[in-house]
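Structural features, examined
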Amino acid sequence: MKAKKQVLGLTPYKPGKPIQEVKEELGLDEIIKLASNENPFGPSPKAKEAMVAASSSPEIYPDGYAARVREAVAKELGVEKEQLIFGAGSDEVILMLCRTFLTPETNTVMAAPTFSQYKHNAIVEGTEIREVPLTDGVHDLDAMLKEIDEETRIVWVCNPNNPSGTYNNEEDFLRFLKQVPKDVLVVSDEAYIEYVTAEDYPNTIELLDDYPNLMVLRTFSKAYGLAALRIGFGVASRELIRTVDPVRPPFNTTVMAHEAAIAALQDKDYVRECHEKNKQGLKEFTAFCKEEGLYYYPSQANFLLINTGISGDVVFDSMLKKGFILRSGEALGFPNCVRITVGDQEQNRKCMKALKETIEEAKTVAER
Ligand SMILES: *Cc1c(COP(=O)(O)O)cnc(C)c1O
């Protein structure tokens, strides 16, 4: 068989190591997974109830238009229902955007390192990829602007950026957006917006009326704790949504996901609580880094990228033996870093203790 040549060299997405696998491999009883930026507290109990209640007729196709969750999200954001597109996670919206806009004749501009799926999907479409290095872990929007030309179709801004956790503020984002040609799609991927504390973080929803070339991506996988249900969405002008919608698979989101998402959205207290606990957890992690003299990237998300000065793979392996699954920076473009998802307080404290031991052990080995 003859697959597209760009697909032949491509490897499938490598997820965080599953807990069960690690337990079996190492014979450990307790594993703490702080690798995939999932919500350590899970979803609102109301979302779980709604999910179970919605699971009674699995023989029936879901509403492909996702009308009920569409209405709830539109109301929540103050946009029209026609300004939304739902996907099996925002990952699928990223895929749909690439399918809609990218061809081998075009190019796409993104930061490096950033969320892997922009590049991955662009490769599948055979598009030229223009990567612009982060400056101190932050998107260099001015440099990204310079990469845009006649053939550019999509520019990706991951805000806050995964894996660095850093953000671009309102002033910088707006200055950038004003200069991007009106026929180039700007994607603002806001997977972690519920965790953001910075007051100058851009309000992109307000900009949609003035920028028909802007698409905002959100997800229920992170702060809403519904990663397993696979639901995320894009918000944009009606025109842009109309352009992308024909590419969407007909029944791409499930009724369990729709109903859980509606309930999760309504339980504002729960999300606020998760935001607060995350803020506290980040504070403890950053205090730890300062105490240990470790550089970290200031995070607006639910994870922290820490430079230990040691190979991320070495720290990963050592932490794994102690029962922690982290994300090595090696595969994320930060070889001497580890990315740690903020867990609950007990998990965080255990993790810091183990990380301190790991670093001390590595130093002892290096001195010998
Ligand atoms: C997790 C994540 C997503 C995708 O999450 P879904 O589960 O597919 O909704 C998108 N963008 C970034 C930056 C992420 O970290």
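Everything in this summary refers to the structure shown in the same document. Please read these numbers as outputs of a predicted model, since none were measured by experiment.

Quick look at the packing of helix H12 (residues 312–321) against helix H13 (residues 345–367)
Each pair of packed helices can be summarised by the angle the axes make with each other and by the distance between the axes. It is at 10 Å that the axes of H12 and H13 come closest, and there the two elements cross at 125 degrees. Judged on the interaxial angle alone, H13 and H12 are oblique. Considering how the two elements wind past one another, H12 and H13 form a crossing that is right-handed. Between H12 and H13, the residues in contact are Val315, Ser318 and Met319 and Cys351, Ala354, Leu355, Thr358 and Glu361, respectively.

Concerning the nonpolar core
Of all hydrophobic cores here, the largest spans 50 residues; its most connected members are Phe176, Leu214 and Phe220. Broken down by element, this core gets its largest block of residues, 7 residues, from helix H10 (residues 255–266). Look past the residues within four positions of Leu214 in its chain and what remains in contact with it is Phe173, Leu177, Leu185, Val186, Ser188, Thr204, Leu207, Leu208, Val235, Ala236, Ser237 and Leu240. Core analysis: the next-biggest nonpolar cluster, separate from the first, contains 23 residues, Leu294, Tyr296, Ile310 and Val342 among them.

Digging into the pattern of salt bridges
Taken as a whole and judged by the stated rule, the model has 23 salt bridges. When the shortest N-O distance is used, the salt bridge between Asp149 and Arg130 registers 2.9 Å. Taken together, the positions of Asp149 in the loop between helix H7 (141–147) and strand E5 (152–158) and Arg130 in strand E4 (residues 128–133) put the pair 19 residues apart, joining distant regions of the chain. The class for Asp149 is partly exposed, based on a relative accessible area of 32%. We classify Arg130 as buried; its relative accessible area is 16%. Of the charged contacts in the structure, one is a salt bridge between Lys322 and Glu361, with a shortest N-O distance of 3.0 Å. Of the two residues, Lys322 is situated in the loop between H12 and strand E11 (324–325) and Glu361 in helix H13; the sequence distance between them amounts to 39 residues. Linked by salt bridges that have partners in common, Lys322, Lys353, Glu357 and Glu361 make up one network.

Regarding the site of the ligand
Neighbouring the ligand are 13 residues, the closest being Ser90, Tyr192, Thr219, Ser221 and Lys222. In this structure, Asp189 approaches the ligand through a side-chain N or O atom, which is 2.7 Å from a nitrogen atom. Within the side chain of Thr219, an N or O atom sits 2.5 Å from an oxygen atom of the ligand. With the chains in place, 94% of the 380 Å² that the ligand exposes on its own is no longer accessible. Per-class residue counts for the shell around the ligand are 4 nonpolar, 5 polar and 4 charged.

Calculation criteria
Residues numbered from 1 in each chain as written. Predicted model: local features only at pLDDT ≥ 70, side-chain atom pairs only at ≥ 80, totals over all residues. Heavy atoms only, no water. Axes fitted to C-alpha atoms, helices over the stretch in contact; angles between N-to-C directions. Helix = DSSP H or I, 4+ residues; strand = E, 2+ residues; numbered from the N terminus. Parallel < 35°, antiparallel > 145°, perpendicular 65-115°, else oblique. Left-handed = near helix turned anticlockwise from the far one by under 90°. Contact = heavy atoms within 4.5 Å. Core = buried A, V, L, I, M, F, W, Y, C linked by side-chain atoms within 4.5 Å. Buried < 20%, exposed > 50% of the residue type's maximum accessible area, 1.4 Å probe, protein only. Salt bridge = Lys/Arg side-chain N within 4 Å of Asp/Glu carboxyl O. Near = heavy atom within 4 Å. Polar contact = N/O pair within 3.5 Å; in protein donor to acceptor, adjacent residues only side chain to side chain. Areas by Shrake-Rupley, 256 points an atom, 1.4 Å probe, with all protein chains shown as cover. Nonpolar A, V, L, I, M, F, W, Y, C, P; charged D, E, K, R; others polar.

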